[in-house]
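Here is how the chains run, residue by residue.
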Amino acid sequence: MTSLRRFFPDNFFKHIALPDGHPLSRLPRLGVRLSFYLTLLAASAFYLIPIYILVMTGLKPYAEANLAQMWQLPSTPSLESFRQAYVTLATYFKNSIALVIPATLLSAFLGSINGYVLSKWRFRGSEILFTLLLFGMFIPYQSILIPLVQTLQRVNQAAQALGVPESLNWLVPGYGSIAGLAFVHIIYGIPITTLIFRNYYATIPDELVEAAKIDGASLFGIYRWILLPISMPAFAVVLIWQFTSIWNEFLFAVTLTQNPVIRPITVALYNLAGSYIVEWNVQMAGAFMAALPTLLVYLFLGRFFMRGLLAGSLKG
Amino acid sequence: MSAKSIAFRLFILLGVLALILAACKPVPAPTPTTPPPPPAPKKLEIFSWWTTGGEAAGLLKMFDIYNAKFPDVEIINATVAGGAGFEAKVVLKTRMLGGDPPDSFQVHMGRELIDTWVVNDYMEPLDDLFKEEGWDKVFPPGVLEIVSYDGHYWSVPVNIHRANVLWYNTKVFADNGWTPPATFEEFFALAEQMKAKGITPLALGDVGIWASVHLFEVVLAGTLGPEKYNGLWTGETDWGGPEVKQALENMVKMLEYANADHSALSWDQANDLVIQGKAGMTIMGDWVDADNLAKKFADSGWAPPPGTQGVFIALSDTFGLPKGAPHPEQVKEWLRVAGSKEGQEAFNPVKGSICARNDCDAALFGPYLQSAMQDWAKDAIVPSLAHGAAASESWVTYINDVMTVFVTDLDVAKAQAGLLQACKDAEVCK
Amino acid sequence: MRLNWDRIFSILLIVPSVIAIAIFVYGFIGWTGWVSLSNWDGLRPDLSWAGVVNYIKLFSNARFQIDIRNTIVFTLFFLGASMGLGLGLAILLDQGIRGENIFRSLFLFPMSISFIVTGVAWRWLLAPGDPATGRITGINVLLEKLNLPTSRWYTDPTVLYIRPESGLGQTLDLIGLDFLTNPNFGLPLAMFSIVLAATWQMSGFVMAMYLAGLRGISEELREAARIDGASEWNIYRHIILPLLKPITLSVVIVLGHISLKIFDLVAAMSKKGPGFATDVPAYFMFETTFQGDHYSQGASIAIFMLISVSLLIVPYLVYSTRTETKV
């Protein structure tokens, strides 16, 4: 807009070459456009090659799934490895769903509340608090495994001491349960979800909230009636991000679940590799299938992610 | 908007979430060996890294034998994959430190068991069990020695794997009139002939470095002989001495005959090279046999690597009883199965290893394993380095670091100094 | 009266998160810090005081010095490549290309895959084979067909560094900077394979960020510049790129902290690599803690990683809070 021109020195643009200012000059000429498309196609090939390897190797029998024949098409493409991988992974798929959906929803909800309070109900020291909260995103998770396990053990012991009935045991967020794993993901998701929501709500003018307060709206009222309805872009970013992170996460999944029956799919996928013998075709097929949910989320919901970014969720 | 209606809505939301959680509650998948849960289920949690193939199948067979005797016990098959149990050890150690031991876990016999678990007082001694089962007569003295410490027995060996085997492609050898080399000189001469024909003499796949450490222990044993090799682990043999130097120099020459992309391949991908005829030999443990069978490779030949005729470098998977195991009675019964003739005969042919006991029926095993059983009965038994028998894990990681650099720069003096320092850091050498 | 209740409620809403982070982040960091200052070596916890001796031993550890070098190299090239590729693709897509949605989804989807799967796929792609025997595998097959030079990728132990005997080396020696003629200040070629895989994974994210930023720059601004006679190229250089600075900052933060903690990808691809060429602190920490049972050494590596991430993050956080209170 013309008002921004005052940031640039007066003759700034004059000394540069003069193509016509016709709106259609925005679309470069045919040769240039062709080179654009070629570049994009080359980039697409770059992004697709690893998937090609995953799928192709998965379609091969064990004897052909080796480096020497990597690029060759399978002699008899068969879905056998996919079937084998599926049979192994099916239960764990359900476990991952049981883990990821509650954890994602709850951590998004929590991040939204936190972001709301930290952006619209600031108090003395709330910025410092936010910074301290944010710092939690950066710790290396390998280094806190042992105290984490010990703490979750204590949760189990506390639940036992409180006399939680056997049937509700699966709800106790302690060591060795999906609830415990979800609990851990929700906690370590607090920094990033709070960041995204806070940045997003910061783009909503404070005057709006102030006016609502003057009109008599309460803490919950403002959230429910003003912010929540327009939070969809931020929710999109957070839900997609958290879904992906938690679905793909391996370290906590392998350390905090002992009974294989409740393991998430990342551990089962890892276990498709034997200790001495790796059936590469089954592993690649399994890897592809385990990646499918998040892949589909990005393919179909990617534009909501984009919209959320546009609305300033991660703009800094 | 009143607080009451907010609370009401929150309540509804939580209720919906709880319903989602309830609907998604993981349903235990029925496994073939787990019976339907009885009124007061007894459990047994077995922790291992046997996740696929023959290893998993063998383990399940042992579970079957156990459940035939104790149908009311639910066996939890807690496995974590990963070569040599790296990932599994992370989980295991985290749990043990967190005060949540599994009922029994797979652990390599020897220093790995002793220095990691026994010395730190995490295990219960098994002397009574050994006496009751008469195992001191059935396990060879070499094995009994490796699973004891301070006058007690600490774990039950299920199998024996041999580390020093030279595998080759019999068809390639026959076509060229070659025979497996018995000494290092013969090996290098043969390697020259292979190179001239465009065949990689030695296939090596050492991603993660352990396969090179494995190769090195075979070269050490072949250069030093069994007594001096054993002396390395007690401090009697000098790591700075001329024999170790000779072993390192042999190793340099072997590496020069290995494929250039060894750090990109795992051992089974190196075996692929032998199967495809692109490489002549590979030196690896006897799990190669299982790999060959899975890949339906019929032209597999085996021989003792140079200098190790009459030497059996052994490693073994064992199970013990950790302190504070939730179901010690069930574990004792499990250990009985693991050490029994029936259990070992069910497990080992499928797994691709031989029994730790010396009274298993040879007819159950394939041709390679039968020859291994014969060697096991008469060879000098020495512990493996790369697989936890000869040295503590801490010492092995020091040696791994030295080998990681040595394999790249082939600097013998530097490596020897590093190995000597590693021995001192492990507090075995002075 | 209402406002006061709301104030209290608002703080109560935050309290659970604060407590959780206090325990699960700061409490655990404190535990790790304490262990790093202790003598714990072996499977029995030994929390007796040892002072900073672990840190002193760590910095004189040859492997750790290599790790630091590798991290710096990886961070610089990973950030550079991802940002370059991401920005380039974003600009391309911003031109009003047909099928923009398809391309965008395509470039974004690698982000959805876990680093472990990426590592396995790229380990195969970049397996070099053995040119000496004519056995070529992976990408090298394609490179050879196109008559391009093949590479040893992550099996390459070569480290490019300034040799002391070279001209540059001797000059440095004269001005007292001869310590730079050391492999610890070199470029490990194997690391570029890891950079390639990581860039493949994250450049789509960078593209999405920049695309969102580009869309946020109003068309009228560009129109005004065009009316004044600026070419497209100069519009980008002098207007658009400077306006994307906040996004660049966010991208640097997100990618930077991923690269400082990188572990899954290295473990799945090449582990420590030939001569530790692809070793990183997180991998060293993992091995030394859970394989070697050297818990205090592992903890000191963890604290080091934490401090290095803080050095990156804290200035950014301070800067962003300050600019925000300004607005």
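These numbers come from a predicted model, not from an experiment. (Residues numbered from 1 in each chain as written. Chains lettered and ligands numbered in written order. Predicted model: local features only at pLDDT ≥ 70, side-chain atom pairs only at ≥ 80, totals over all residues.)

Draft legend 1. View of the interface of chain C and chain A. On the chain A side, the residues contacting the 85 residues of chain C number 70 residues. A per-element tally of the side of chain C that touches chain A places helix α1 (residues 2-36) of chain C first, with 16 residues. Of the residues contributing to the side of chain C that touches chain A, the split by class is 55 nonpolar, 21 polar and nine charged. (Contact = placed C-beta atoms within 7 Å. Helix = DSSP H or I, 4+ residues; strand = E, 2+ residues; numbered from the N terminus. Nonpolar A, V, L, I, M, F, W, Y, C, P; charged D, E, K, R; others polar.)

Draft legend 2. Looking closely at the packing of helix α3 (residues 126-135) of chain A against helix α5 (residues 178-202) of chain A. Residues and elements named next belong to chain A. Between α3 and α5, the shortest axis-to-axis distance is 7 Å and the interhelical angle comes to 135°. Classed by the angle they form, the pair α3 and α5 counts as oblique. For the pair α3 and α5, the crossing hand works out as left-handed. Taking contact as the criterion, the partners of Phe 130, Leu 133 and Leu 134 in α3 are, on α5, Ile 190, Pro 191, Thr 194, Leu 195 and Arg 198. (Axes fitted to C-alpha atoms, helices over the stretch in contact; angles between N-to-C directions. Parallel < 35°, antiparallel > 145°, perpendicular 65-115°, else oblique. Left-handed = near helix turned anticlockwise from the far one by under 90°.)

Draft legend 3. Region of interest: the interface of chain C and chain B. With 29 residues of chain C at the contact, the number on the chain B side is 27 residues. Residue assignment for the side of chain C that touches chain B shows that the elements contributing at least two residues are β1 (129-130) and α13 (281-290) of chain C. Per-element tally for the side of chain C that touches chain B: the top contributor is α13 of chain C, with three residues. For the side of chain C that touches chain B, the per-class residue count stands at nine nonpolar, twelve polar and eight charged.

Draft legend 4. Structural detail: the sheet that holds strand β12 (residues 311-315) of chain B. All names here are of chain B. The mixed open sheet is built from four strands, whose spatial order is β14-β7-β12-β15. Both edges of this open sheet fall to β14 (354-355) and β15 (380-383), since each of them pairs with a single strand only. As paired elements, β12 and β15 share four bridges and run parallel to each other. Paired with Val 311 across the bridge in β15 is Ala 380. (Pairing = 2+ DSSP bridges.)

Draft legend 5. Layout of the pairing of strand β1 (residues 42-48) of chain B. All names here are of chain B. For β1, the buried fraction is high: five of the seven residues fall into the buried class. Direction of pairing for β1 relative to strand β2 (residues 73-79): parallel, over a ladder of seven bridges. Directly across from Lys 43, in β2, lies its bridge partner Glu 74. In terms of handedness, the path from β1 via helix α2 (residues 53-69) over to β2 forms a crossover that is right-handed. Judged from the two bridges that link them, β1 and strand β3 (residues 104-108) form a sheet pairing that is parallel. Paired with Ile 46 across the strands is Ser 104, a residue of β3. (Buried ≥ 20, exposed ≤ 12 C-beta atoms within 10 Å, placed from the backbone. Right-handed = clockwise from strand over helix to strand, strands pointing away.)

Draft legend 6. Expanded view of the packing of helix α5 (residues 115-125) of chain C against helix α8 (residues 191-216) of chain C. All names here are of chain C. At a minimum axis separation of 10 Å, α5 and α8 run at an interaxial angle of 130°. Judged on the interaxial angle alone, α8 and α5 are oblique. The two elements α5 and α8 meet at a crossing, and its hand is right-handed. Counting all contacts with α5, which are made through Phe 115, Thr 118, Gly 119 and Trp 122, the residues of α8 involved are Ala 197, Trp 200 and Gln 201. For the contact of α5 with α8, a count of residues per class yields four nonpolar, three polar and no charged.

Draft legend 7. Main features of the domain arrangement of chain B. All names here are of chain B. On domain assignment, one finds that chain B holds domain 1 (42-161 + 316-383) and domain 2 (166-314 + 385-425). Domain 1 and domain 2 are separated by 27 Å when their C-alpha centres are compared. Breaking the side of domain 1 that touches domain 2 down by element, the ones donating at least two residues are α2, α4 (111-118), β7 (159-162), α16 (367-378) and β15. For the side of domain 1 that touches domain 2, the leading source of residues is α16, giving five residues. Residue classes in the side of domain 1 that touches domain 2 are distributed as twelve nonpolar, nine polar and five charged. (Domains from an automatic or database assignment.)

Draft legend 8. Representation of the sheet that holds β3 of chain B. Residue and element names in this part refer to chain B. A sheet is described by the order of its strands in space; here five strands give the open sequence β2-β1-β3-β13-β6, paired in mixed fashion. The sheet is open, and its two edges are formed by β2 and β6 (155-157), each paired on a single side. On average, each strand axis in the sheet is tilted by 30° relative to the strand beside it, whichever way the strands run. In this fold α4 packs onto β3, β6 and β13 (317-320), with an angle of close to 125° to the strand it touches most, β3.

Draft legend 9. Fine view of the environment of Gly 298 of chain C. All names here are of chain C. By secondary structure assignment, the location of Gly 298 is in helix α14 (residues 295-326). It is 33 Å that separates the C-alpha atoms of Gly 298 and Arg 163, two residues lying 135 residues apart in sequence. Discounting residues that sit within four places of it in the chain, Gly 298 has contacts with Met 285, Thr 288 and Thr 289.

Draft legend 10. Molecular detail of helix α13 (residues 287-294) of chain B. Residue and element names in this part refer to chain B. Within α13, six of the eight residues are buried, leaving the element largely enclosed by the surrounding structure. When we look at burial in α13, the residues that qualify are Trp 287, Val 288, Asp 289, Ala 290, Asp 291 and Asn 292. Residues of α13 that are buried sit in contact with α2, β7, β8 (166-169), α12 (267-275), β11 (300-303) and α16. Of the residues flanking the end of α13, it is Lys 296, one or two places downstream, whose phi is positive at about 55°.

Draft legend 11. Spotlight on the environment of Ile 214 of chain A. All names here are of chain A. Its location among the elements puts Ile 214 in helix α6 (residues 206-214). With 8 C-beta atoms packed within 10 Å, Ile 214 lands in the exposed category. Taking the C-alpha atoms as reference points, Ile 214 and Tyr 37, 177 residues apart in sequence, are found 55 Å from one another.

Draft legend 12. Just unusual backbone geometry, in detail. All names here are of chain C. Here Asn 147, not a glycine, exhibits a phi torsion of approximately 60°, which is positive. Looking at the secondary structure, you find Asn 147 in the loop between α6 (139-145) and β3 (159-160). Positive phi outside glycine occurs at Phe 276, with the angle close to 65°. With respect to the helices and strands, the residue Phe 276 is situated in the loop between α12 (264-269) and α13.

Draft legend 13. Highlighting the nonpolar core. One finds Ile 194 and Ala 208 of chain C to be the most contacted residues of the largest nonpolar core, which totals 320 residues. Here the element with the most residues in this core is α8 of chain C; it accounts for 17 residues. Sequence-distant contacts of Ala 208 of chain C, defined by excluding residues within four places in its chain, comprise Phe 305, Met 306 and Leu 309 of chain A together with Leu 108 of chain C. Formed by five residues, the second largest nonpolar core is a distinct cluster that contains Ala 225, Ala 230, Ile 235 and Ile 239 of chain C. (Core = buried A, V, L, I, M, F, W, Y, C linked by C-beta atoms within 7 Å.)

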